[in-house]
Amino acid sequence: MKFAILAPGKIARSMAQAVAGIKETMSSLQIELYAVASRDYDRAKEFAKQWGFEKAYGSYEEMLEDESVELVYVASPHSHHYQHAKMCLEHGKNVLLEKAFTVNAVQAEELISLARKKKLLLAEAIWTRYMPSRKMIDEIISSGVIGQPFSLTANLGYAMAQKERLQNPELAGGALLDVGVYPINFALMVFHGEIKDIKTTAVLSPKGVDWLNSVTLTFEDGKMAVLHSSMLTATDRLGVVYGDKGYIEVQNINNCEEIRVFNLEHQITASYKVPKQINGYEYEVFSCMKAINERKVECEEMPHNETLRVMRLLDSIRKEWGMKYPCE
């Protein structure tokens, strides 16, 4: 499969590292670092040389007109996800679209409709949905070791307010779409019921994006998730699921390092390390390759209905804050 990257920024380097690692250690998967496109040809050329891509393009359109390109990873800012993913789909390309999927649910619905119409893969690149740790967490909860889960907490924060992209409303900045999606996805992967109530608050920057936020979700079945994200401070990145017989701690919900099981006396009864990885991005690629080979339009780990569920929740949260992006 000929793999391409649209918009070679920081996160695209991580994806390139993962695909290079797949090619080096799992040659049977037959994936090629084929093309990279930037609005700046020199930037694309430098990126291609660094990671071993065969071709570099100075425009997105030019790369998408290359008939050999099979899967495009879109790594542009949130504000441009809709435009760039739509462009890829209209050129007949399968798409792995970086999170947050789009700016709002309306954009997401249109892209999914287009992908289904053209019978092309469209997948959201939120890596925690694809990692082996996800199944490990599910299996531990399903085993009954912590009993019936009733509540959870999760947080993610980094000291990254200096990043211009995150401060800029024009680029759909703020903590929610960048890091807040992880606690939210963590909650929705554990609790699958309908959400009954949302209580949320945020501290907004002078430019109008959220610096930090708190979200409490109450589900129809009585379960509750208390979530926090921040772009001002580093947090402990912990996810905890509480049951009536004990609880589990997920060390680093952004890239799980260890899962610990505790009893009601707060004693550790078991701990699990996650499998060794290239850098974690490879699992998204594995899933996309499998889906494309099976002629599917979505990945089973992050199906379209879950992407839409998250996007609609993000819309509801921002509506409560009165936070609207200029591109909406």
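Residues numbered from 1 in each chain as written. Predicted model: local features only at pLDDT ≥ 70, side-chain atom pairs only at ≥ 80, totals over all residues. Heavy atoms only, no water.

Undergrad: How should I be thinking about the overall build of the protein in this particular structure?
TA: What the protein contains, in helices and strands, is 10 helices and 14 strands. Relative to the 2.2 N^0.38 estimate, which gives 20 Å for 328 residues, the radius of gyration of the protein is 20 Å and therefore close to what a compact globule would have. Dimensions along the principal axes, computed over C-alpha positions, put the protein at roughly 60 × 45 × 40 Å. A burial count over the protein gives 57% of its 328 residues as buried. Pairs at least 24 apart in sequence give 66% of the contacts found in the protein among residues at least 6 apart. Surface accessibility of the protein: about 14,300 Å² in total, with carbon and sulfur atoms responsible for 49%. One way to put it: in the protein the 38 positive side-chain charges average out to a point 1 Å from where the 43 negative ones average out. (Helix = DSSP H or I, 4+ residues; strand = E, 2+ residues; numbered from the N terminus. Rg over C-alpha atoms; globule rule 2.2 N^0.38 Å. Buried < 20%, exposed > 50% of the residue type's maximum accessible area, 1.4 Å probe, protein only. Contact = heavy atoms within 4.5 Å. Areas by Shrake-Rupley, 256 points an atom, 1.4 Å probe, with all protein chains shown as cover. Lys, Arg positive; Asp, Glu negative; His and termini not counted. Charge placed at Lys NZ, Arg CZ, Asp CG, Glu CD.)

Undergrad: Sorry if this is basic, but what is going on with the sheet that holds strand E13 (residues 258–263) here?
TA: Note on sheets: strands pair through backbone hydrogen bonds, and any given pair is parallel or antiparallel. A sheet is described by the order of its strands in space; here eight strands give the open sequence E8-E9-E10-E7-E11-E12-E13-E14, paired in mixed fashion. Unpaired on one side and paired on the other, strand E8 (195–204) and strand E14 (268–273) mark the two borders of the sheet. Shown here is a sheet whose adjacent strand axes are inclined to one another by a mean of 10°, direction ignored. Bridging between E13 and E14 involves five bridges; their strand directions are antiparallel. Paired with Ile259 across the two strands is Tyr272, which belongs to E14. Each of strand E7 (149–157), strand E11 (239–243), strand E12 (246–251), E13 and E14 touches helix H6 (residues 132–142); the most contacted strand, E13, lies at about 15° to it. Contacting E8 and strand E9 (210–219), helix H10 (residues 304–321) runs over the sheet at an angle of about 55° to E8. (Pairing = 2+ DSSP bridges. Axes fitted to C-alpha atoms, helices over the stretch in contact; angles between N-to-C directions.)

Undergrad: Got a minute to help me understand the environment of His80 in this structure?
TA: Of note, His80 is situated in the loop between strand E4 (71–74) and helix H4 (81–90). Taking C-alpha positions, His80 is 30 Å from His192, a pair spaced 112 residues apart along the chain.

Undergrad: Before we go on, may I ask you to explain the packing of aromatic side chains in this structure?
TA: Remark: the centre distance and the inter-plane angle together describe each pair of aromatic rings, the angle taken between the planes. A full pass over the atoms with the stated rule returns six aromatic pairs. Relative to Phe262, the ring of Tyr247 has its centre 4.9 Å away and its plane inclined at 5°; by these criteria the two rings are stacked. With a gap of 15 residues between them, Tyr247 in strand E12 and Phe262 in strand E13 connect regions that are remote in the sequence. A single burial state applies to Tyr247 and to Phe262, both of which are buried. Chaining the aromatic ring pairs together yields one cluster made of Tyr242, Tyr247 and Phe262. (Phe/Tyr/Trp six-rings, centres within 6.5 Å; stacked < 30°, edge-to-face > 60°.)

Undergrad: Help me understand the packing of helix H8 (residues 175–190) against H10 in this model?
TA: Between two packed helices, the angle of one axis relative to the other and the distance separating the axes together describe the packing. Where H8 meets H10, the closest approach of the two axes is 11 Å, and the angle between their N-to-C directions is 120°. In terms of their interaxial angle, H8 and H10 are classed as oblique. Our pair here, H8 against H10, has a crossing hand that is right-handed. For the pair H8 and H10, contact is made by Leu176, Leu177, Val181, Ile184, Asn185 and Leu188 and by Glu306, Arg309, Val310, Leu313, Leu314, Ile317, Arg318 and Trp321, respectively. Per-class residue counts for the contact of H8 with H10 are 10 nonpolar, one polar and three charged. (Parallel < 35°, antiparallel > 145°, perpendicular 65-115°, else oblique. Left-handed = near helix turned anticlockwise from the far one by under 90°. Nonpolar A, V, L, I, M, F, W, Y, C, P; charged D, E, K, R; others polar.)

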